[in-house]
Amino acid sequence: MMSHVRRTWSLGRNRSGVSCRTGSASIATCSGDAALVLLSRSNDVFQNLALEDWIEANVDLQRRGVLLLWRNRPAVVIGRHQNPWAECHLPAMRGGGVPLARRRSGGGTVFHDLGNLNLTFFSSKTSYDRRRNLKVVTEALRQLRPALDVRATDRFDILLNGHFKISGSAARLSRKSSYHHCTLLHSADHSALANVLRPSCPGIQSNATPSVPSPVANLLDHAPTLQWEELLDALVRQYNAEFSSSSSSITVDPADEAAFPGVAAAAAELRSWDWTFGRTPKFRVETVLQLADEWTAARCSARLQVEVKGGVVESCRLDVPADWLPLRLSGELSGVLVGGRFCRHRAAAAVTELTRSESGEARSRLKELGDAVLTAMG
């Protein structure tokens, strides 16, 4: 649950008169108001992304809008059409226990932690209006701190003082419904953000959607007394004012399978390798590997060329000087990688097995080449 929020919300009748039954259809069958404001109890990125999809699929968005407020423990979230190897540093994320999630909307890569608030605006497709949604955020901030210069841009970001990005947007439009989600940086960890939002793999050539780097700032840097509770209250008030509603927030738990049937399976799909990495648009890697033999101090450069489709290596070529490693061995290493995932953990077993079949200098140099290839995989 959000820090500093001391209210107790329930799924019963709230102050606005919205009637919500508990059980399997509690949110889907809410009646009485033009809008619904939900506050997620979960800080799990996969549960919250799955909850977004559940709301879009199960709530009648022709009759009412929904605002979902949610925060996550540290995570990196990429857009539906992005390449994770190009967008984030997978080794740093593994070392820090930071999960990677691919959302179903487009847009760029973002870092989430408990200092970042996510807002998801649900509506019918005909009512979809990103600028109006961002007006809720900017007006709420102006009401709270009139001295803050916050403005939405043509790219649907929100800038502070005309320069620092405090919010980015992405959206998903279906046949009849839509949702638009945006971030709001309150007190995010800048050092962690910079550490994970950098490429894992050099030399990627791809048509995947690239992120556009921007200087960022936290609201707390410019409004140091701004607390979570007053921020949430202001956003709910402004949402109600903008959409002619009187809804108060309802806390929901996306881990509650009785309230949200099927959400656990949706979260599991979002966690899967096939979705997170396997949905990456086809790409090519061309990079130079620097090799060194620790026994003889011999050094050389090798060229790696890999084609990857659906996260699987379609072709691999290693150009290594024959006087450093026999062509037979570099060819065998290329061969064991083809057909496997472009994943250092999966590839490591094949490389280790191949290395065991050699001895002496050949084994040492083959291991060096294999380690360099695995490093290039992120």
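Right, let's walk through the structure included here. (Residues numbered from 1 in each chain as written. Predicted model: local features only at pLDDT ≥ 70, side-chain atom pairs only at ≥ 80, totals over all residues. Heavy atoms only, no water.)

## Describing the packing of helix α10 (residues 327-337) against helix α12 (residues 360-376)
Axis separation between α10 and α12 bottoms out at 11 Å; the angle between their running directions is 40 degrees. One finds that α10 runs oblique with respect to α12. The element α10 and its partner α12 pack so that their crossing is right-handed. Residues Leu 329, Ser 330, Leu 333 and Leu 337 of α10 form the contact with α12, whose own contacting residues are Ala 362, Leu 366, Leu 369, Gly 370 and Val 373. (Axes fitted to C-alpha atoms, helices over the stretch in contact; angles between N-to-C directions. Helix = DSSP H or I, 4+ residues; strand = E, 2+ residues; numbered from the N terminus. Parallel < 35°, antiparallel > 145°, perpendicular 65-115°, else oblique. Left-handed = near helix turned anticlockwise from the far one by under 90°. Contact = heavy atoms within 4.5 Å.)

## Regarding the pairing of strand β6 (residues 116-124)
Within a regular strand, the side chains alternate between the two sheet faces. The element β6 is extensively covered by neighbouring structure, given that nine of its nine residues are classed as buried. Both strand β2 (residues 65-70) and β6 contribute to a ladder of five bridges, which runs antiparallel. Bridge pairing links Val 66 to Phe 122 in β6. (Buried < 20%, exposed > 50% of the residue type's maximum accessible area, 1.4 Å probe, protein only. Pairing = 2+ DSSP bridges.)

## Considering helix α8 (residues 263-271)
Residues of α8 that are buried: Val 263, Ala 267 and Leu 270. Seen from one end, α8 has its buried residues packed into an arc of 60 degrees, which puts them on one side. Looking at the buried side of α8, the elements it contacts are α1 (45-58), β4 (100-102) and α9 (273-276). (Arc of directions from axis to C-beta.)

## Quick word on the nonpolar core
Counting residues in each nonpolar core, the largest one holds 44 residues, and the members touching the most others are Val 76, Leu 289, Leu 291, Phe 342 and Leu 369. Considering every element that reaches this core, the biggest residue donor is α12, with six residues. When residues no more than four places from it in sequence are discounted, the contact partners of Leu 289 are Cys 300, Ser 301, Ala 302, Leu 304, Leu 318, Leu 369, Ala 372, Val 373 and Ala 376. By size, the runner-up hydrophobic cluster in this structure holds 31 residues, among which are Leu 119, Val 137, Leu 232 and Val 236. (Core = buried A, V, L, I, M, F, W, Y, C linked by side-chain atoms within 4.5 Å.)

## Things to note about the sheet that holds β2
Pairing is mixed in the open sheet, where six strands are placed in the order β10-β11-β6-β2-β1-β13. Every other strand in the sheet has two partners, leaving β10 (169-173) and β13 (249-252) as the edge strands with one partner each. Here the average twist between neighbouring strands, direction ignored, is 20 degrees. For β10 and strand β11 (residues 177-185), the ladder comprises five bridges, and the chain directions are antiparallel. If you follow Ser 169 over to β11, its bridge partner there is Cys 182.

## Side note on the packing of α1 against α8
In the contact formed by α1 and α8, the axes pass within 8 Å of each other and the chain directions differ by 120 degrees. Between α1 and α8, the angle is such that the two are oblique. Here α1 and α8 pass one another in a crossing that is right-handed. Across the interface between the two elements, Phe 46, Gln 47, Leu 49, Ala 50, Leu 51, Asp 53 and Trp 54 of α1 pack against Val 263, Ala 266, Ala 267, Leu 270 and Arg 271 of α8. Per-class residue counts for the contact of α1 with α8 are nine nonpolar, one polar and two charged. (Nonpolar A, V, L, I, M, F, W, Y, C, P; charged D, E, K, R; others polar.)

## As for the sheet that holds strand β9 (residues 164-167)
The strands that make up a sheet are held in pairs by hydrogen bonds between backbone atoms, and each pair lies either parallel or antiparallel. One open sheet holds the three strands; their spatial order is β7-β8-β9, and the pairing between them is antiparallel. Of all the strands in the sheet, the pair left with one neighbour each is β7 (150-152) and β9. Direction aside, neighbouring strands of the sheet carry axes that sit 35 degrees apart on average. Pairing analysis gives three bridges linking β7 to strand β8 (residues 158-160), with the strands arranged antiparallel. Paired with Arg 151 across the strands is Leu 159, a residue of β8. Where helix α4 (residues 130-144) meets the sheet, it contacts β7, β8 and β9, and its direction lies at approximately 180 degrees from that of β7.

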